[in-house]
Amino acid sequence: MSAFSSDLELDVYDVTGNGVQVDVATNILSGAVRLSVLWTQEIFLSADDAERVAQSLLNAAEHVRRFGPQAD
């Protein structure tokens, strides 16, 4: 049995369509956050680092939406 609990609502795949999926999970024993790129590698983050990564992702998404190519 795993100590990790994944965010079951997160449904994010690699944009190239190669089937690689992102998984975010918390370790219910240690409180660590795991960000995984499934079938390749994973990284473990403290709660503070997870917030930093999340904020960075939000900032990047905002930047792309504002300055990147516009979807039709």
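As the structure is a prediction and not an experimental result, all values here were calculated from the model. (Residues numbered from 1 in each chain as written. Predicted model: local features only at pLDDT ≥ 70, side-chain atom pairs only at ≥ 80, totals over all residues. Heavy atoms only, no water.)

Asks: Would you mind going over the overall build of the chain with me for this structure?
Replies: Per the secondary structure count, the chain includes one helix and five strands. Of the regular secondary structure in the chain, the N- to C-terminal order runs β-β-β-β-β-α. Whereas a compact globule of 72 residues would reach a radius of gyration of roughly 11 Å, the chain reaches 14 Å, over 25% beyond that. Dimensions of the chain, computed from the C-alpha atoms along their principal axes, are close to 45 × 30 × 20 Å. Buried positions account for 15% of the 72 residues belonging to the chain. (Helix = DSSP H or I, 4+ residues; strand = E, 2+ residues; numbered from the N terminus. Rg over C-alpha atoms; globule rule 2.2 N^0.38 Å. Buried < 20%, exposed > 50% of the residue type's maximum accessible area, 1.4 Å probe, protein only.)

Asks: I'm lost on the environment of Thr 26 in this one. Help?
Replies: One can find Thr 26 in strand β3 (residues 21–27). When sequence neighbours within four positions are dropped, the list of residues in contact with Thr 26 reads Ala 3, Phe 4, Ser 5, Ala 32 and Val 33. (Contact = heavy atoms within 4.5 Å.)

Asks: How should the side chain of Arg 34 be read in this particular structure?
Replies: Tracing the backbone shows Arg 34 in strand β4 (residues 33–37). Apart from residues lying up to four places away in sequence, Arg 34 is in contact with Phe 4, Ser 6, Asp 23, Val 24, Ala 25, Glu 42, Ile 43 and Phe 44.

Asks: Just to check I follow, could you spell out the layout of surface pockets for this structure?
Replies: Space left empty within the atom packing is revealed by a probe, the size of a water molecule, rolled over the atoms. By volume, the largest pocket amounts to about 260 Å³. What lines the largest pocket is simply Leu 10, Val 12, Val 22, Val 24, Val 33, Leu 35, Leu 45, Ala 50, Val 53, Ala 54 and Leu 57. Looking at the lining of the largest pocket, the elements with two or more residues in it are β3, β4 and α1 (47–67). Per element, the largest residue contribution to the lining of the largest pocket is four residues, and it comes from α1. A class-by-class count of the residues in the lining of the largest pocket yields 11 nonpolar, no polar and no charged. (1 Å grid on protein atoms, 1.4 Å probe; cavity = no way out; pocket = protein on both sides within 12 Å on 5 of 7 lines; lining within 4 Å. Points joined across faces, edges and corners; volume = space filled by probe spheres on them. Nonpolar A, V, L, I, M, F, W, Y, C, P; charged D, E, K, R; others polar.)

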